[in-house]
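Working through the structure, step by step
Here is what each chain is made of, one letter per residue.
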Amino acid sequence: MLVFRSWRKFRAAKGLYPLARLTTNAREHRPNESAPTSHESDTHFGFETVKESEKWKKVHKVFEEVAASYDLMNDAMSLGIHRVWKDIFMERLAPVGNGNRLLDMAGGTGDISFRYMKYLQRLPAANRTPSHVTVCDINQNMLDVGQKRWEKLNLPVSGDTIDWVCADAEKLPFENDSFTVYTIAFGIRNCTHIDRVLSEAYRVLKPGGRFMCLEFSHVTNESLQWLYDQYSFQVIPPMGQILANQWQPYQYLVESIRKFPVQDDFKAMIENAGFKCVEYENLSFGVVAIHSGFKI
């Protein structure tokens, strides 16, 4: 009942080896860990108000704790539907084998990157220029899980390559105009400064490059919203405790979704970062949404 009351309070007050090679020594870039100043702003960690310098530490701890059970819980919480959402996301991206350079931010355990690589395998080999994928995540534990999964996939060698980088989405260690595609799936709501993440995405993309984001969003039907709230707050945290021996990370998960901007507001943020032709598509009545934009 404590979980339910916290939600009511919020509502009342209105987030192989590689195909060619595998970089196992991920370069690590951590956020600035300097002490907070007296002028530091507050932000949210779920429904909790925290200092900005504290949020990334708390989020980092959450994903350290859930890394080993992350894929199991995704299947359990979404009844496997997250796989469909990610498949649709990749179909909307519709990558072509023309030497793309993909940055999969918050790529963690590799779901999006592996789908991208598998998608390329379906394309005709003739006249296809190999692509490169960089899986980037702030949490090394998540990357470690992803690398182990990649080794087990045993995809055929075709010249495509993948590497792994531990870095902060708000301050990427890449040069300007480095990538043709930037994806981020179920990760941007965990970032302290979403506007900085979007700005960095714009900076590292080449002109003509595409930004695509898959993220939990806001249900558009009031009746379904009530059912979704009951499932989110009364089922997901206990499920996390039973299956992963973790309650708090999954409590944070459902709270962070509610704190994330609604679809139109997030669309405006993407446009403010400089992206053009910005649009979004709701999936499962807005439980998740795909946002897309281009650097022109």
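Please read all numbers here as calculations on a predicted model, not as lab measurements.

Quick word on the overall build of the chain
Across its full length, the chain holds 11 helices and 10 strands. On the chain, roughly 13,900 Å² of surface is accessible, and the fraction owed to carbon and sulfur atoms is 53%.

Quick word on the packing of helix 8 (residues 222–234) against helix 10 (residues 248–259)
In a packed pair of helices, the relevant descriptors are the angle between the two axes and the axis-to-axis distance. Where helix 8 meets helix 10, the axes come as close as 9 Å, and the angle between the chain directions of the two elements is 150 degrees. Classified by the angle between their axes, helix 8 and helix 10 sit roughly antiparallel to one another. Between helix 8, through Gln225, Tyr228, Asp229, Ser232 and Phe233, and helix 10, the contact on the second element is made entirely by Gln251, Val254, Glu255, Ile257 and Arg258. Split into classes, the residues belonging to the contact of helix 8 with helix 10 amount to four nonpolar, three polar and three charged.

Let's talk about the packing of aromatic side chains
A complete count under the given rule lists 10 aromatic pairs for this structure. Their ring planes at 80 degrees and their centres at 5.1 Å tell us that Tyr202 and Phe275 sit as a pair that is edge-to-face. Of this pair, Tyr202 sits in helix 7 (residues 194–204) while Phe275 sits in the loop between helix 11 (263–272) and strand 9 (276–283), and the two are 73 residues apart along the sequence. Here the basic side chain of Arg122 rests over the ring of Tyr119, its NZ or CZ set 4.5 Å away from the ring centre. Above the face of the Tyr202 ring, Lys295 is positioned so that its terminal group lies 4.9 Å from the ring centre.

Here we look at the nonpolar core
Membership of the largest hydrophobic core comes to 41 residues, with the highest contact counts inside it found for Trp85, Ile162, Leu214, Phe216 and Val288. The residues contacting Val288, other than those within four sequence positions of it, are Trp85, Phe186, Leu214, Glu215, Phe216, Ser217, Glu281, Asn282 and Leu283. Ile184, Ile188, Cys191 and Ala201 belong to the second largest nonpolar core, which has 26 residues in total.

Here's the deal with a nonpolar patch on the surface
A surface patch of nonpolar side chains, amounting to about 450 Å² of accessible area, comprises Leu224, Trp226, Leu227 and Phe285. Relative to the assigned elements, Leu224 resides in helix 8.

Observations concerning the UniProt feature "binding site: S-adenosyl-L-methionine" (unreviewed entry) in the chain
The positions UniProt marks with the feature "binding site: S-adenosyl-L-methionine" (unreviewed entry) are Thr109, Asp137, Asp168 and Ala169. In this structure, Thr109 sits in the loop between strand 4 (101–105) and helix 5 (111–121). If you trace the backbone, Asp137 turns up in strand 5 (residues 132–137). When sequence neighbours within four positions are dropped, the list of residues in contact with Asp137 reads Met105, Ala106, Gly107, Gly108, Met142, Leu143, Val165, Cys166 and Ala167. A polar contact of 2.9 Å, which involves the side chain of Asp137, links it to the backbone nitrogen of Gly108.

Comments concerning helix 7
All of the buried residues in helix 7 are Ile194, Val197, Leu198, Glu200, Ala201 and Val204. An end-on view of helix 7 places all buried positions within 160 degrees of arc, on one side of the element. On its buried face, helix 7 sits against strand 4, strand 7 (179–185), strand 8 (205–216) and helix 11.

Notes on the pairing of strand 8
Among the 12 residues of strand 8, nine are classified as buried, and the element is accordingly described as predominantly covered. Pairing of strand 8 with strand 10 (residues 288–294) involves seven bridges; the strand directions are antiparallel. Paired with Leu214 across the strands is Ile290, a residue of strand 10.

Rules used in this analysis
Residues numbered from 1 in each chain as written. Predicted model: local features only at pLDDT ≥ 70, side-chain atom pairs only at ≥ 80, totals over all residues. Heavy atoms only, no water. Helix = DSSP H or I, 4+ residues; strand = E, 2+ residues; numbered from the N terminus. Areas by Shrake-Rupley, 256 points an atom, 1.4 Å probe, with all protein chains shown as cover. Axes fitted to C-alpha atoms, helices over the stretch in contact; angles between N-to-C directions. Parallel < 35°, antiparallel > 145°, perpendicular 65-115°, else oblique. Contact = heavy atoms within 4.5 Å. Nonpolar A, V, L, I, M, F, W, Y, C, P; charged D, E, K, R; others polar. Phe/Tyr/Trp six-rings, centres within 6.5 Å; stacked < 30°, edge-to-face > 60°. Lys NZ or Arg CZ within 6 Å of the ring centre and 35° of its normal. Core = buried A, V, L, I, M, F, W, Y, C linked by side-chain atoms within 4.5 Å. Buried < 20%, exposed > 50% of the residue type's maximum accessible area, 1.4 Å probe, protein only. Patch = residues over 30% accessible without salt bridge, like charges linked within 9 Å, V, L, I, M, F, W, Y side chains within 5 Å. Salt bridge = Lys/Arg side-chain N within 4 Å of Asp/Glu carboxyl O. UniProt positions renumbered as here; feature names shortened; annotations may be inferred. Polar contact = N/O pair within 3.5 Å; in protein donor to acceptor, adjacent residues only side chain to side chain. Arc of directions from axis to C-beta. Pairing = 2+ DSSP bridges.

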